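Read off the chains here:
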Amino acid sequence: MTFKEIKKILGNKTVGIAGCGGLGSNCAVALARVGVGRLIIADFDIIEESNLNRQYYFYDQIGKYKATTLKNNIRLINPYINVESHVQELNSENIPDLFNCCDVIVEAFDKAEMKLMIIETVYDEMPEMPLVTGLGMAGWGNSNILRCRKSDKLYICGDEINEVSEVLPPLAPRVGIVANMQANTVLEILLNKGERL
Amino acid sequence: MKIKLNNRDESFDSDNLTISELLKFKNFTFKMMIIKVNGNLVKKSQYSTTVVIDGDDVQVLHMISGG
């Protein structure tokens, strides 16, 4: 496929991104660059200085809402993308309302309990919806153990081992790799129906 | 019984096991997990009542913080 043909397909697609931190902000930017027509992004949080080690924000954006700021940053990269931003804490009740119209949902939370919540919610309420989750990306090095695999409608990106801790922080390179693996998986789902995974 | 556990063949002496028994047996002590039996989600409240039998496909996914 040429990039023109790819853009024509992606231009009609909608991707939901649950969380606008390290995974969500970088994944959304990758999808906007390749031309996914509509992005629905949600996060309740504001940008802190400590987020800048991996999240797609700038120093003068500290203190602003992540969801609305990410929308602005995407507009600077690709103004043709329709970004719907929600400053909202996601839960099992609002996730189906917000993301029902999507072709794929990207799980981009940081906390394990939120990852569990969205996987259970999508299985219960939207059983046909592909969900791309990020599991295990703390620390540095070990690029080769980061991988993607498929389990029914659930796609898992990450090493599935390394949990964030005081001495194993989330850092731009590995979080960025997994965020882009998630974006790459979204393309696989949208362009060839996930056949190759 | 023989089951598939995370895509690997596993054999057990008993004919069936509850999810709770299976987790204990395999030493899966993670606090948060997604467990699927033949593609169907089994929630934490159902671990002690859901029974795994011969031929079942069990997936255990650990929830890991970070993002």
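Residues numbered from 1 in each chain as written. Chains lettered and ligands numbered in written order. Predicted model: local features only at pLDDT ≥ 70, side-chain atom pairs only at ≥ 80, totals over all residues. Heavy atoms only, no water.

1. Overview of the sheet that holds strand E6 (residues 147-151) of chain A
Residues and elements named next belong to chain A.
Here is step 1 of the chain: Ordered in space as E3-E2-E1-E4-E5-E7-E6, the seven strands form an open sheet in which the pairing is mixed. The open sheet has two free edges, formed respectively by strand E3 (82-86) and E6, since each of these has just one partner strand. If you compare each strand with its neighbour and ignore which way they point, the axes differ by 15 degrees on average.
Here is step 2 of the chain: One ladder, built from four bridges, connects strand E1 (residues 14-18) with strand E4 (residues 104-107); its direction is parallel. (Pairing = 2+ DSSP bridges. Helix = DSSP H or I, 4+ residues; strand = E, 2+ residues; numbered from the N terminus. Axes fitted to C-alpha atoms, helices over the stretch in contact; angles between N-to-C directions.)

2. Points about the sheet that holds strand E4 (residues 33-37) of chain B
Here is step 1 of the chain: Pairing in this open sheet of five strands is mixed, and the strands run E2-E1-E7-E4-E5 (chain B) from one edge to the other. The sheet is open, and its two borders are formed by strand E2 (8-11) and strand E5 (40-42) of chain B, each paired with just one other strand. Between one strand axis and the next, the sheet turns through 30 degrees on average, direction left out of account.
Here is step 2 of the chain: Bridging between strand E1 (residues 2-5) of chain B and strand E7 (residues 57-62) of chain B involves two bridges; their strand directions are parallel. In the strand pairing of E7 of chain B, Leu5 of chain B is matched with Val58 of chain B.
Here is step 3 of the chain: Seen against the sheet, helix H5 (residues 112-125) of chain A touches E4 and E5 of chain B and runs at an angle of roughly 30 degrees to E4 of chain B.
Here is step 4 of the chain: Relative to E4 of chain B, helix H1 (residues 19-26) of chain B is tilted by about 120 degrees, and along the sheet it contacts E1, E2, E4, E5 and E7 of chain B. (Contact = heavy atoms within 4.5 Å.)

3. A look at the nonpolar core
All names here are of chain A.
Here is step 1 of the chain: Counting 39 residues, the largest nonpolar core has Val15, Ile17, Leu31, Leu39, Leu70, Ile74 and Val186 as the members making the most contacts within it.
Here is step 2 of the chain: When contributions to this core are tallied by element, the ones reaching two or more residues are helix H1 (3-10), E1, helix H2 (22-34), strand E2 (38-42), helix H3 (66-77), E4, strand E7 (154-158) and helix H6 (172-192).
Here is step 3 of the chain: If you tally residues by element for this core, the top one is H6, at nine residues.
Here is step 4 of the chain: Residues contacting Ile74, with those up to four places away along its chain left out, are Ala28, Val29, Ala32, Leu39, Pro79, Ile81 and Val83. (Core = buried A, V, L, I, M, F, W, Y, C linked by side-chain atoms within 4.5 Å. Buried < 20%, exposed > 50% of the residue type's maximum accessible area, 1.4 Å probe, protein only.)

4. Description of the packing of H1 of chain A against H6 of chain A
Residues and elements named next belong to chain A.
Here is step 1 of the chain: Two elements in contact, H1 and H6, have axes whose closest approach is 10 Å; the angle formed by their N-to-C orientations is 90 degrees. In terms of orientation, H1 and H6 fall into the roughly perpendicular class. Seen from H1, the contacting residues are Ile6, Ile9 and Leu10; seen from H6, they are Leu187, Leu190 and Leu191.
Here is step 2 of the chain: Of the residues belonging to the contact of H1 with H6, the class tally is six nonpolar, no polar and no charged. (Parallel < 35°, antiparallel > 145°, perpendicular 65-115°, else oblique. Nonpolar A, V, L, I, M, F, W, Y, C, P; charged D, E, K, R; others polar.)

5. Considerations on the interface of chain B and chain A
Here is step 1 of the chain: Taken together, the contacts link 16 residues of chain B with 30 residues of chain A.
Here is step 2 of the chain: Carbon and sulfur atoms make up 61% of the surface buried where chain B meets chain A, a total of about 1,900 Å² over both sides.
Here is step 3 of the chain: It is Ile64, Ser65 and Gly67 of chain B in chain B that bury the most area against chain A; as a group they hold 33% of the surface buried on that side.
Here is step 4 of the chain: Run the count over chain B and chain A and you get two salt bridges.
Here is step 5 of the chain: A salt bridge links Lys43 of chain B to Asp124 of chain A, with the nearest nitrogen and oxygen atoms 2.3 Å apart.
Here is step 6 of the chain: Here chain B and chain A share ten residue pairs in polar contact (both at pLDDT 80 or more) between them. (Buried area = accessible area lost by both parts, 1.4 Å probe. Salt bridge = Lys/Arg side-chain N within 4 Å of Asp/Glu carboxyl O. Polar contact = N/O pair within 3.5 Å; in protein donor to acceptor, adjacent residues only side chain to side chain.)

6. Quick notes on the packing of H2 of chain A against H3 of chain A
Residue and element names in this part refer to chain A.
Here is step 1 of the chain: Orientation of H2 relative to H3, taken along the N-to-C sense of each, is 30 degrees, at an axis distance of 10 Å. Viewed along their axes, H2 and H3 adopt a mutual orientation that is roughly parallel. Two packed elements cross with a definite hand, and for H2 against H3 that hand is right-handed. On H3, the residues that touch Gly24, Ser25, Ala28, Val29, Ala32 and Arg33 of H2 are Leu70, Ile74 and Ile77.
Here is step 2 of the chain: Of the residues belonging to the contact of H2 with H3, the class tally is six nonpolar, two polar and one charged. (Left-handed = near helix turned anticlockwise from the far one by under 90°.)

All quantities given are derived from atomic positions and should not be read as evidence of function.
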